[in-house]
Amino acid sequence: IIQALARQHPVIRFERNDQNQGVLPTVNRGIDLAQGDYVFLSSADDEVLPGFLEKSLQILAQHPQAGLSCTIGDWREEATGLNWHMGVGMADTPSYLSPQRMVQLERKGRLFIPGHTTILKRSALIEAGKLIPELKLTVDWFIAYVIGYRYGICVVPEPLAVFKIQPKSYYQ
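Residues numbered from 1 in each chain as written. Predicted model: local features only at pLDDT ≥ 70, side-chain atom pairs only at ≥ 80, totals over all residues. Heavy atoms only, no water.

1. Observations concerning the overall build of the protein
In step 1: When helices and strands are counted, the protein shows six helices and seven strands.
In step 2: The order of helices and strands in the protein, counted from the N terminus, is α-α-β-β-α-β-β-β-α-β-α-α-β.
In step 3: Relative to its length of 172 residues, the protein is compact, with a C-alpha radius of gyration of 17 Å against a globular reference of 16 Å.
In step 4: The dimensions of the protein, computed from C-alpha atoms along their principal axes, are 50 × 40 × 35 Å.
In step 5: Counting over 172 residues, the protein shows a buried share of 37%.
In step 6: The long-range fraction of contacts in the protein, counting pairs at least 24 apart against all pairs at least 6 apart in sequence, stands at 72%.
In step 7: As presented, the protein carries roughly 10100 Å² of accessible surface, and 54% of it is formed by carbon and sulfur atoms.
In step 8: Mean positive and mean negative side-chain charge positions of the protein (17 and 17 charges, respectively) differ by 3 Å. (Helix = DSSP H or I, 4+ residues; strand = E, 2+ residues; numbered from the N terminus. Rg over C-alpha atoms; globule rule 2.2 N^0.38 Å. Buried < 20%, exposed > 50% of the residue type's maximum accessible area, 1.4 Å probe, protein only. Contact = heavy atoms within 4.5 Å. Areas by Shrake-Rupley, 256 points an atom, 1.4 Å probe, with all protein chains shown as cover. Lys, Arg positive; Asp, Glu negative; His and termini not counted. Charge placed at Lys NZ, Arg CZ, Asp CG, Glu CD.)

2. Some details on helix α6 (residues 139-151)
Because the α-helix completes a turn every 3.6 residues, residues three or four places apart line up on one side.
In step 1: Between its first and last C-alpha, α6 extends 18 Å over 13 residues, near the 18 Å set by a 1.5 Å rise per residue.
In step 2: Taken residue by residue, α6 has Val139, Ile143, Ala144, Tyr145, Val146, Ile147 and Gly148 as its buried positions.
In step 3: Taken together, the buried residues of α6 touch α2 (23-33), β3 (68-77), α4 (99-107), β6 (119-121), α5 (122-127) and β7 (153-165).
In step 4: Positioned one or two residues after α6, glycine 152 has a phi angle of 85°, which is positive. (Expected span 1.5 Å × (residues − 1).)

3. Details of the side chain of arginine 122
In step 1: Inspection of the secondary structure puts arginine 122 in helix α5.
In step 2: It is aspartate 32 that comes nearest to the buried, bridge-free arginine 122 among opposite-charge side chains, at 5.4 Å.
In step 3: Aside from chain neighbours lying at most four places away, what touches arginine 122 is Ile31, Asp32, Ala34, Gly36, Asp37, Tyr38 and Val39. (Salt bridge = Lys/Arg side-chain N within 4 Å of Asp/Glu carboxyl O.)

4. Side note on unusual backbone geometry
Generally, phi is negative for residues other than glycine and the peptide bonds are trans, each holding for most cases.
In step 1: Positive phi values are uncommon outside glycine, yet lysine 130 reaches one of about 60°.
In step 2: In this structure, lysine 136 takes a positive phi of about 45° despite not being glycine.
In step 3: In this fold, lysine 136 is placed in the loop between α5 and α6.

Next comes the structure, spelled out in structure tokens:
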């Protein structure tokens, strides 16, 4: 199916591993193969809402020193209907947060980078060592904070991506 799509749409490039490498090594290979300045590492249980890419890329263009952008994360537990937002209170308007400002927010318990809402600067991601498979569940959290504390982050204070938590998901 992907090969057929790649033949129809030149923007799609089909790549295949010789053998199954697992998710994180394959994502790291994709980061190496990517040609753009930014990458978005979405999972199967993530949903992006209208305006996510436009607003995130716009704030990154205004602050090229930033290592990533994030939005407020909408978390939804599918089985119970429980819903909450993460990353609220870091900024009131789309903003750049320096590493020093991130430390201030962390000391107040107000810093949270929702992994499912991050668009990462590819060069910063590679410099930070990409995704470290041994970190498992915390791999996206770790890389976002490493990049953020090195370069600062952009924040779009709107819920523009949804993390759908399934009863038998890896997250659970």
